[in-house]
Amino acid sequence: MNSFSTFSDLIAVAEQQQKSVADMMVDYEVQKQQMNKEQVWQGMDGCLTVMMEAVQKGKNSREKSVSGMVGGNAARFGDYMKGSGILGPTAQKAMCYALAVSEVNAAMGRIVASPTAGSCGILPGAILAAGEALSCTREQLVAGLFTAAGVGLVINEHASLAGALGGCQAECGSAAAMAAAAVVEMAGGTPRQAGQALALAFKNLLGLVCDPVAGLVEVPCVKRNAFGAVHALVAAEMALSGIESVIPPDEVITASYEIGCLLPKSLRETSEAGLAKTPTGQAIEAKLHGQNSL
Amino acid sequence: MKSVFDIIGPIMIGPSSSHTAGAARIGKLARAILGEAPTQATVKLHGSFAQTYLGHGTDKAIVAGLLGFSADDERIPEALTLAAQAGLAIEFVKADLGDVHPNTACIEMVGQSGRKAQVMGSSIGGGSVLITKINGYDVELTGEYATLITIHEDKPGIVALVTHILAQEAVNVAFMRVSRQERGAEALLILEADEPISHHAYELVAHLPKVKVAMLVSPI
């Protein structure tokens, strides 16, 4: 099996064998699971289907979450997009799709944790919007998910993908880094450019805290997914233009781990500080827990 | 290193891999350990599960699991109604289960034949779970492997007989753990295997003289 622990390992082998990161990850999974390529590909293709279904469901739904805090904003944004807007259609689609998937998640719909449920809108938002702009085939979209998985595996190996361990940088930061690398390869960029996109996207979300109101995956999570999807596209475009991160991808990943360790526990998914403890956050918590406690 | 599907995945019902998807898996494993459809269940919720279970649908997810649904089943939001229709009476209790993981539930069940089981499990992140107690015995069970569980007399040779049966069936043992409450009384064996364990092997184990109860749990 091609061994890699760091992203620089992954890039070195990819360049040597003239493969994409996506190809490398398909090979990796084939060896790891002792399955054939078709089975591994079908598994990821199934994930893409669930992502697309969640986008469609979320765009057309005005359903609220169980708590009533979130829901209906993807549809609202879809109406707004029919006008001209400011950012242009690809960024707007990324926002809308990310909101849609994240709202489906909050309303107990079916999603793909990518890497987590709290950050499940970023990757589909970015790759589906970019895929439309780039006229990607379904195969290219599935390959993008494999690229994203490669980034996530390296982050998981050296840092964390869990908000409880690393704050929201570990969830939404990782998701944006994964999406940025995926979009680069979908656009025909090199593995090195994918690594640069990973670094650029992740760097700008380092230190992001996890402070969900009332302990629920809703506020600020849902809207943060929309920001994360566009964030990934910004990083991808920078990398595709040839802009490089001064700090290499693996060092950014290590920094995310160190920053996660330094974050106080109160800002790591415990809802003991930050937005969760604002007057409004506390009022919502009191209302939900007061009414619904056992 | 993990699988790509640990990163892109699991496919699940939202909103939380630990509070919803993991909770559903704990419920489904509990049902598998009971070995039949439960008709009554008391669910004790501890820590973060107790604090935020309603917003995360943890209650619905556990009940869905008890009904045999998987973590990606779109019927999870309607699980409480479906349980009532299926004749499953559920009670939720907020509990301090001691020095355990913050996302822990203890489920006491009565099955349709009157069989009882008590299963405690923790949702340890990303939809992964760990069953930590079965009927008061300390265990470590992930649900990711084909698992054989026996409750048997704590006498020499039983474990060897069980592993011999599996060896004959060409089943490779991945993990095994034996625990007991006191020497010479009753013991519990948990065996996780790489290959599926056939019904034939299960029957042979279940009919061993000193084995009181045998349970076969498929990967969940």
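Parameters and conventions
Residues numbered from 1 in each chain as written. Chains lettered and ligands numbered in written order. Predicted model: local features only at pLDDT ≥ 70, side-chain atom pairs only at ≥ 80, totals over all residues. Heavy atoms only, no water. Helix = DSSP H or I, 4+ residues; strand = E, 2+ residues; numbered from the N terminus. Rg over C-alpha atoms; globule rule 2.2 N^0.38 Å. Buried < 20%, exposed > 50% of the residue type's maximum accessible area, 1.4 Å probe, protein only. Contact = heavy atoms within 4.5 Å. Areas by Shrake-Rupley, 256 points an atom, 1.4 Å probe, with all protein chains shown as cover. Lys, Arg positive; Asp, Glu negative; His and termini not counted. Charge placed at Lys NZ, Arg CZ, Asp CG, Glu CD. Buried area = accessible area lost by both parts, 1.4 Å probe. Salt bridge = Lys/Arg side-chain N within 4 Å of Asp/Glu carboxyl O. Nonpolar A, V, L, I, M, F, W, Y, C, P; charged D, E, K, R; others polar. Pairing = 2+ DSSP bridges. Phe/Tyr/Trp six-rings, centres within 6.5 Å; stacked < 30°, edge-to-face > 60°. Axes fitted to C-alpha atoms, helices over the stretch in contact; angles between N-to-C directions.

Draft legend 1. Up close: the overall build of chain A. Within chain A, the regular secondary structure consists of 13 helices and one strand. Listing each helix as α and each strand as β along chain A from the N terminus yields α-α-α-α-α-β-α-α-α-α-α-α-α-α. By the compact-globule yardstick of 19 Å for 294 residues, chain A fits well, its C-alpha radius of gyration being 19 Å. Projected onto its principal axes, the C-alpha coordinates of chain A cover approximately 60 × 45 × 40 Å. Looking at chain A as a whole, 56% of its 294 residues are labelled buried. Considering only residue pairs separated by 6 or more positions, chain A has 75% of its internal contacts joining residues 24 or more positions apart. Approximately 11,700 Å² of chain A is accessible, and the part contributed by carbon and sulfur atoms is 54%. Between the centroid of the 20 positive side chains of chain A and the centroid of its 26 negative side chains there is a distance of 9 Å.

Draft legend 2. How the structure looks around the side chain of His-46 of chain B. Looking at the element boundaries, His-46 of chain B is found in strand E2 (residues 38-46). Excluding anything up to four places from it in sequence, His-46 of chain B contacts Ala-95, Asp-96, Leu-97, Gly-98, Val-100, His-101, Pro-102 and Thr-104 of chain B.

Draft legend 3. Examining the interface of chain B and chain A more closely. The interface of chain B with chain A comprises 33 residues on the first partner and 46 residues on the second. Summed over both partners, the interface of chain B with chain A buries about 3,100 Å², with 68% contributed by carbon and sulfur atoms. Three residues stand out in chain B for area buried against chain A, namely Met-1, Ile-7 and Ile-8 of chain B, and they jointly supply 26% of the buried area on that side. Summed over the shared surface of chain B and chain A, the result is one salt bridge. Those elements giving two or more residues to the side of chain B that touches chain A turn out to be helix H1 (4-7), strand E1 (11-13), helix H2 (17-34), helix H3 (47-56) and strand E3 (89-94) of chain B. Looking at the side of chain B that touches chain A, the element that brings in the most residues is H3 of chain B, giving six residues. In terms of residue class, the side of chain B that touches chain A is built from 17 nonpolar, eleven polar and five charged. Bridge count for strand E1 (residues 110-112) of chain A against E1 of chain B is three bridges, and the pairing is antiparallel. Directly across from Ile-111 of chain A, in E1 of chain B, lies its bridge partner Met-12 of chain B.

Draft legend 4. Geometry of the environment of Leu-204 of chain B. Tracing the sequence through the fold places Leu-204 of chain B in helix H7 (residues 199-206). In sequence terms Leu-204 of chain B and Leu-67 of chain B are 137 residues apart; their C-alpha atoms lie 28 Å from each other.

Draft legend 5. Looking closely at the packing of aromatic side chains. The tally for this structure, following the rule as stated, stands at five aromatic pairs over all chains. Between the aromatic rings of Trp-41 of chain A and Phe-146 of chain A, the centroid separation amounts to 5.6 Å while the plane-to-plane angle is 25°, which identifies the pairing as stacked. Of this pair, Trp-41 of chain A sits in helix H3 (residues 37-59) while Phe-146 of chain A sits in helix H7 (residues 138-158); the two residues are 105 residues apart in sequence, bridging distant segments of the chain. Judged by relative accessible area, Trp-41 of chain A falls into the partly exposed class, the value being 21%. Taking relative accessible area as the criterion, Phe-146 of chain A reaches 0% and is therefore assigned buried. Here Tyr-53 of chain B and Phe-92 of chain B contribute two aromatic rings whose centre-to-centre distance is 6.2 Å and whose plane-to-plane angle is 25°, an arrangement assigned as stacked.

Draft legend 6. Here's a closer look at the sheet that holds E3 of chain B. Residue and element names in this part refer to chain B. Across the sheet, six strands lie side by side as E3-E2-E4-E5-E6-E7; this open sheet has mixed pairing. One side of each edge strand has no neighbouring strand; the edge strands of this open sheet are E3 and strand E7 (137-141). Ignoring strand direction, the axes of neighbouring strands in this sheet form an average angle of 20°. With six bridges joining them, E2 and E3 adopt parallel strand pairing. Directly across from Ala-41, in E3, lies its bridge partner Ile-90. On the sheet, H2 packs against E2, strand E4 (103-111), strand E5 (116-125), strand E6 (128-134) and E7 and is oriented at approximately 155° with respect to E5.

Draft legend 7. Representation of the pattern of salt bridges in the model. One pass over the full model with this rule turns up 15 salt bridges over all chains. With a shortest N-O distance of 3.0 Å, Glu-108 of chain B and Lys-44 of chain B are connected by a salt bridge. Separated by 64 residues along the polypeptide, Glu-108 of chain B in strand E4 and Lys-44 of chain B in strand E2 bring together distant segments of the chain. When its relative accessible area of 28% is taken as the criterion, Glu-108 of chain B is described as partly exposed. Classification of Lys-44 of chain B as partly exposed rests on a relative accessible area of 26%. Here the residues in one salt-bridge network are Arg-62, Asp-79 and Lys-82 of chain A, joined through shared partners.

Draft legend 8. Representation of the sheet that holds strand E11 (residues 211-217) of chain B. Residues and elements named next belong to chain B. A sheet is described by the order of its strands in space; here four strands give the open sequence E9-E10-E8-E11, paired in antiparallel fashion. If you trace the sheet from one side to the other, it starts and ends with strand E9 (173-180) and E11, each paired once. Here the average twist between neighbouring strands, direction ignored, is 10°. On the sheet, H7 packs against strand E8 (146-153) and E11 and is oriented at approximately 160° with respect to E11.

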